Amino acid sequence: MTQRMQDKEESIKQLRDQLGHLTNELNKTTEYIQLLEIQDESKTKRDNLDSEPEHEISELLQKQNTISHEIILVKKRIQKLSAKTILKIELLILPIVIVLLFFVATNYAIQPSADINSSIKTRYMTENLRGSITDDYKYWNVANNTPLVVNIENNAGASDQNIQAVKNAIMSTDMITDDNSQTYQADSAPSKYFKGWQGAVKTISDTKHYVPEKFNIIQSPSGEGQIVITLSTIKDSNGYSGVTRTIVDGNQILKAFITIYDAGKLTDTQTESIVRHEFGHALGLPHTSNTSDLMHDSIAADHSYISTCDINTLQKLYNDVKPSDDFCNNE
Ligand SMILES: [Zn+2]
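Described in the following lines is the structure provided in the data block. No experiment lies behind these values; they were computed from the predicted model shown.

Analysis parameters
Residues numbered from 1 in each chain as written. Predicted model: local features only at pLDDT ≥ 70, side-chain atom pairs only at ≥ 80, totals over all residues. Heavy atoms only, no water. Buried < 20%, exposed > 50% of the residue type's maximum accessible area, 1.4 Å probe, protein only. Helix = DSSP H or I, 4+ residues; strand = E, 2+ residues; numbered from the N terminus. Contact = heavy atoms within 4.5 Å. Donors = N, O, S within 2.8 Å, 3.2 Å for Na, K, Ca; no water. Tetrahedral: all angles 85-135°; square planar, octahedral: opposite > 155°, others 65-115°. Pairing = 2+ DSSP bridges. Expected span 1.5 Å × (residues − 1).

1. Let's talk about unusual backbone geometry
Here is step 1: In this structure, Asp 262 is a non-glycine residue whose phi angle is positive, near 50°.
Here is step 2: Residue Asp 262 is classed as buried on the basis of its relative accessible area of 15%.
Here is step 3: For Asp 320, which is not glycine, the phi dihedral falls at a positive 65°.
Here is step 4: Residue placement: Asp 320 occurs in the segment after α6 (308-317).
Here is step 5: Look at Asp 320 and you get partly exposed, because its relative accessible area is 23%.

Given below as structure tokens:
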């Protein structure tokens, strides 16, 4: 504590003492006035004359008034000094707060965009109807040719182009050839990748359970649909860009919730990559340990497409085969 602050504390203490003294005096005066009033009353009754104490009472009332006024002044000075002391402390803390805010702001402003350019962090979870987390394999059990209803909830006010990016990740049948310099199987021949899940799943045949290959996209705020994609303004505190929560009954998927965090601030390419990955979860795929694959828990925003391996793994799932933890690593 600085010398000036100590002086101020001392002044406040003195003023409080003075206040105590004045309050005492005021109480005494008030008591005395009351006493005189009682005396005066009885005397007046007895003599039916103008009383002597009346004069004294008026003087005392004056004194009472003065003391009250002084008390108010002392209280004001105490308030003022206390406020200054608090302000002093605030001023001392303020630079620390500013520095902290600066750190928080720069971390939030710079980190996610840097992260998003290099890799996007995602996570997923599977819950059964009792609300317990399960890591069992899962698949949709829908009738042949029945489309899955996919609801896009645009809570972030994302642009039409951004919504189109979400749709592309699901509906596109486009294929791209990649030289594998940045994606998986880096040393093998150029591979074909799918941009959208509709194109990818159409190549799957011979499965025990029908693989959904038709998607009916709606935009409704009421949460309907089998797969709900929420474009959220919320920024995930752990730095995740997307999460998929799947509700299962046994191995059967009943509903999947995809949340894209901080959606309004993502580029179309970023949005498309995240949705492509999360939709893989929504169809039943877990994470692979292959860092270059679309289904790795962190993905490249500009280089994440549906691999042949992802498609093969999906085919296994719909044949009741649980994929190994390192699927897409050894194929
Ligand atoms: Zn994931």
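2. Considerations on α6
Here is step 1: Taken together, the buried positions of α6 are occupied by Cys 309, Asp 310, Ile 311, Thr 313, Leu 314 and Leu 317.
Here is step 2: Considering only its buried residues, α6 is in contact with β2 (139-140), β5 (191-194), α4 (197-201) and α5 (268-283).

3. Observations regarding the coordination of the zinc ion
Here is step 1: Here the zinc ion is held by the protein donor atoms Thr 122 (OG1), His 277 (NE2), His 281 (NE2) and His 287 (NE2), which lie 2.0 to 2.5 Å from it.
Here is step 2: Because the angles between the 4 donor atoms bound to the zinc ion fall within 72 to 163°, the donor set is best described as irregular.
Here is step 3: When the donor residues of the zinc ion are listed from N- to C-terminus, their spacing reads T-x154-H-x3-H-x5-H. Taken together, the positions of His 277 in helix α5 and His 287 in the loop between α5 and β10 (298-299) put the pair 10 residues apart, joining distant regions of the chain.
Here is step 4: According to the relative accessible area criterion, His 277 is buried, its value standing at 0%.
Here is step 5: Classification of His 287 as buried rests on a relative accessible area of 18%.

4. Overview of the pairing of strand β8 (residues 242-249)
Here is step 1: For β8, the tally of buried residues reaches 6 of 8 residues, placing the bulk of the element in the interior.
Here is step 2: Bridge count for β8 against strand β9 (residues 252-260) is 8 bridges, and the pairing is antiparallel. Among the inter-strand pairings, Arg 245 is bridged to a residue of β9, identified as Phe 257.
Here is step 3: Connecting β8 to the next strand, β9, in antiparallel fashion are 2 residues, including Gly 250 with a positive phi near 70°.

5. Re α5
Counting along an α-helix, one turn takes 3.6 residues, and residues three or four places apart therefore face a common direction.
Here is step 1: Taking 1.5 Å of rise per residue, the 16 residues of α5 would be expected to cover 22 Å, and the 22 Å separating its terminal C-alpha atoms lies within 8% of that figure.
Here is step 2: Of all 16 residues in α5, 14 are buried; the element is thus mostly enclosed.
Here is step 3: Just downstream of α5 lies Gly 284, where phi reads positive at about 130°.

6. Section: the environment of Ala 256
Here is step 1: Position of Ala 256 relative to the elements: it lies in strand β9.
Here is step 2: Among the residues examined, Ala 256 registers a relative accessible area of 0% and is labelled buried.
Here is step 3: Here the alpha-carbon distance between Ala 256 and Phe 279, two residues 23 residues apart in the chain, equals 9.0 Å.
Here is step 4: Here Ala 256 is in contact with Trp 140, Gln 226, Ile 227, Val 228, Arg 245, Thr 246 and Ala 282, once residues within four sequence places are set aside.

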